[in-house]
Amino acid sequence: MSQAVSRTPAAMARRDPSARQAITVACVAMAAVIGLDLTDGRLGLLFSVGFVLIAVTVPLAVDVRSLFPAGVLPPALLIGSLLLVTVFASSAIRIDGLAEDASMIGRFIAAVVDRGLTLVVGHGLALGIIALRILSDRDR
């Protein structure tokens with residue numbers, strides 16, 4: 001009879017990605033979400049849901065000692081994503097009240113303001129998860 005060996009939490013924690021690896025995967029995932037969302041020619045709900053899920057996943061994936069970069073990631077990820085969309089596909093940013101001939105900087109600022117609630121939800125959930133992970137850490 002073979003005996004099933006359960007993995008201990010310490011053994012599983014050694015497999016946690018570093019902060020750099022998690023941020024790299026988050027950026028690739030965000031690029032994939034943007035690519036999928038731009039198939040209809042505009043940023044929509046998929047962008048917001050994907051951003052929140054990515055912002056929540058990174059603090060869950062990294063080691064407790066690497067939580068600071070995970071806490072700083074959501075604003076940088078949102079601003080970077082919207083900047084890239086503005087530069088490469090500015091017509092995808094369609095906001096009510098925004099002039100069609102708005103400059104690239106105007107579109108970028110309008111997109112950041114329009115996605116403000118997405119940032120608040122994603123960053124708030126990420127910070128909440130970080131707090132829970134710090135409080136529940138046994139090695140404190």
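Parameters at a glance
- Residues numbered from 1 in each chain as written.
- Predicted model: local features only at pLDDT ≥ 70, side-chain atom pairs only at ≥ 80, totals over all residues.
- Heavy atoms only, no water.
- Helix = DSSP H or I, 4+ residues; strand = E, 2+ residues; numbered from the N terminus.
- Buried < 20%, exposed > 50% of the residue type's maximum accessible area, 1.4 Å probe, protein only.
- Contact = heavy atoms within 4.5 Å.
- Areas by Shrake-Rupley, 256 points an atom, 1.4 Å probe, with all protein chains shown as cover.
- Core = buried A, V, L, I, M, F, W, Y, C linked by side-chain atoms within 4.5 Å.
- Patch = residues over 30% accessible without salt bridge, like charges linked within 9 Å, V, L, I, M, F, W, Y side chains within 5 Å.
- Salt bridge = Lys/Arg side-chain N within 4 Å of Asp/Glu carboxyl O.
- Expected span 1.5 Å × (residues − 1).
- Bend = angle between axes of the 7 residues up to and from the residue.
- Axes fitted to C-alpha atoms, helices over the stretch in contact; angles between N-to-C directions.
- Parallel < 35°, antiparallel > 145°, perpendicular 65-115°, else oblique.
- Nonpolar A, V, L, I, M, F, W, Y, C, P; charged D, E, K, R; others polar.

## With respect to the overall build of the protein chain
Then, number 1: Summing up its helical and strand segments, the protein chain has 6 helices and 0 strands in all.
Then, number 2: Secondary structure of the protein chain in N-to-C order comes out as α-α-α-α-α-α.
Then, number 3: Classification of the 140 residues of the protein chain by burial places 33% in the buried group.
Then, number 4: Here the contacts in the protein chain between residues at least 6 apart in sequence split such that 68% fall between residues at least 24 apart.
Then, number 5: A total of about 8,900 Å² of accessible surface is found on the protein chain, and carbon and sulfur atoms cover 66% of it.

## Comments concerning the nonpolar core
Then, number 1: Met30, Phe47, Val58 and Leu82 are the most contacted members of the largest nonpolar core, which has 28 residues in total.
Then, number 2: Considering each element in turn, this core owes the most residues, 7 residues, to helix 4 (residues 67–88).
Then, number 3: The contacts of Phe47, once residues within four sequence positions are left out, are Met30, Val33, Ile34, Asp37, Leu78, Ser81, Leu82 and Arg115.

## Re a nonpolar patch on the surface
Then, number 1: Taken together, the side chains of Leu83, Leu84, Val87, Phe88 and Met104 present a nonpolar region at the surface, about 530 Å² in accessible area.
Then, number 2: The element contributing the most residues to the nonpolar patch is helix 4, with 4 residues.
Then, number 3: With respect to the helices, strands and loops of the structure, Leu83 is situated in helix 4.

## What to know about helix 4
Then, number 1: If you check helix 4, its first and last C-alpha atoms are 31 Å apart, about what 22 residues at 1.5 Å a residue would give, namely 32 Å.
Then, number 2: At Leu73, helix 4 shows its maximal kink, close to 40°; a proline, Pro74, follows between one and four residues later.
Then, number 3: By the burial criterion, the buried members of helix 4 are Leu67, Ala70, Gly71, Leu73, Pro74, Leu77, Leu78, Ser81, Leu82, Val85 and Thr86.
Then, number 4: The inward-facing, buried residues of helix 4 contact helix 2 (19–37), helix 3 (45–61), helix 5 (104–114) and helix 6 (116–135).

## Description of the packing of helix 2 against helix 3
Then, number 1: In the contact formed by helix 2 and helix 3, the axes pass within 9 Å of each other and the chain directions differ by 170°. What the angle tells us is that helix 2 and helix 3 run roughly antiparallel. Seen from helix 2, the contacting residues are Ala22, Ala26, Ala29, Met30, Val33, Ile34, Leu36 and Asp37; seen from helix 3, they are Leu46, Phe47, Gly50, Phe51, Ile54 and Val58.
Then, number 2: Across the contact of helix 2 with helix 3, the residue classes tally to 12 nonpolar, 1 polar and 1 charged.

## Remarks on the pattern of salt bridges
Then, number 1: Under the defined criterion, the tally for this structure stands at 1 salt bridge.
Then, number 2: A salt bridge links Arg65 to Asp63; the shortest N-O distance between them is 2.7 Å.
Then, number 3: Exposure remark for Arg65: the relative accessible area of 71% places this residue in the exposed category.
Then, number 4: The class of Asp63 is buried, set by a relative accessible area of 15%.

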